[in-house]
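This is what each chain is made of:
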Amino acid sequence: MLRIGVLVSGGGTNLQAIIDKIESGFIKDCSIVTVVSSKPNVYALERAKKHNISAVCIARKDYASVHEYGEALIEHFESYDVGLVVMAGFLSILGENFVRRFENRIINIHPSLIPAFCGKGYYGIIPHQKALEYGVKVTGATVHFVELEADSGPIILQKAVYIKDDDTAETLQKRVMEEAEWEILPEAIKLFAEGRLEVEGRKVRIRDK
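Our subject in this report is the structure included herewith. Note that the structure is a prediction, hence the values are computed from the model and not measured. (Residues numbered from 1 in each chain as written. Predicted model: local features only at pLDDT ≥ 70, side-chain atom pairs only at ≥ 80, totals over all residues. Heavy atoms only, no water.)

## Overview of the sheet that holds strand β4 (residues 84-87)
Here comes step 1: Across the sheet, seven strands lie side by side as β3-β2-β1-β4-β5-β6-β7; this open sheet has mixed pairing. Looking along the sheet, the strands with just one partner apiece sit at the ends: β3 (54-57) and β7 (155-162). Put simply, the sheet's adjacent strands are angled 20° from each other on average, direction ignored.
Here comes step 2: Relative to strand β5 (residues 106-110), β4 is paired through three bridges, and the arrangement is parallel. By the bridge assignment, Val-85 is partnered in β5 with Ile-106. (Pairing = 2+ DSSP bridges. Helix = DSSP H or I, 4+ residues; strand = E, 2+ residues; numbered from the N terminus. Axes fitted to C-alpha atoms, helices over the stretch in contact; angles between N-to-C directions.)

## Things to note about the pattern of salt bridges
Here comes step 1: For the coordinates displayed, the defined rule picks out 13 salt bridges.
Here comes step 2: A salt bridge links Arg-205 to Glu-200, with the shortest nitrogen-to-oxygen separation between them at 2.6 Å.
Here comes step 3: For Arg-205, a relative accessible area of 40% corresponds to the partly exposed category.
Here comes step 4: Taking relative accessible area as the criterion, Glu-200 reaches 40% and is therefore assigned partly exposed. (Salt bridge = Lys/Arg side-chain N within 4 Å of Asp/Glu carboxyl O. Buried < 20%, exposed > 50% of the residue type's maximum accessible area, 1.4 Å probe, protein only.)

## Quick look at unusual backbone geometry
Here comes step 1: Between Ile-114 and Pro-115 the backbone carries a cis peptide bond, its omega angle lying at 20°.
Here comes step 2: Tracing the chain through its elements places Pro-115 in the loop between β5 and α5 (126-134).
Here comes step 3: Although it is not a glycine, Asp-151 sits at a positive phi angle of roughly 60°.
Here comes step 4: With respect to the helices, strands and loops of the structure, Asp-151 is situated in the loop between β6 (138-145) and β7.
Here comes step 5: Under the relative-accessibility criterion, Asp-151 is labelled buried at 12%.

Shown next, in the form of structure tokens:
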């Protein structure tokens, strides 16, 4: 049984997508054992509690450094024997200590087709705004393993979403979530839980069942 810890900072729509796929049986042999928010009073914590999942706020502002924050997260996740950390709309920086402790066991969802519109400062609605400003015809979402540099880790899955002529950043953000993020994040967790992901340098190979 894979024990999952989820990091959140907002409403938790990706968290809900994961919960739904576990409860439906699409993702087997795993459970979310704890949800941690970097901000207090976000709706993601309420979503977790509605499904009887431990939900706490470990606020970044309460720690003097990224390293100290990482140590607090490490202590919490290890107390729950977490085998996979999922960043589902988590907006705080993870320190080297945390990334090293859970190497190749942290995955993140990013709202663009990496390497486009990613890296430091590209979060929330910003990647969608930049995609529209640049005039690209296709955007999407990417699930990747987490390394120290933002959005730089090996890519697990990507899904494209076509941009419409009348799209705004808000309508594009909604479609990318519904058509891409909510599909490929649970799928990546499923592949990890089944032991089908192999990391070779920058490449992630998906083994057949």
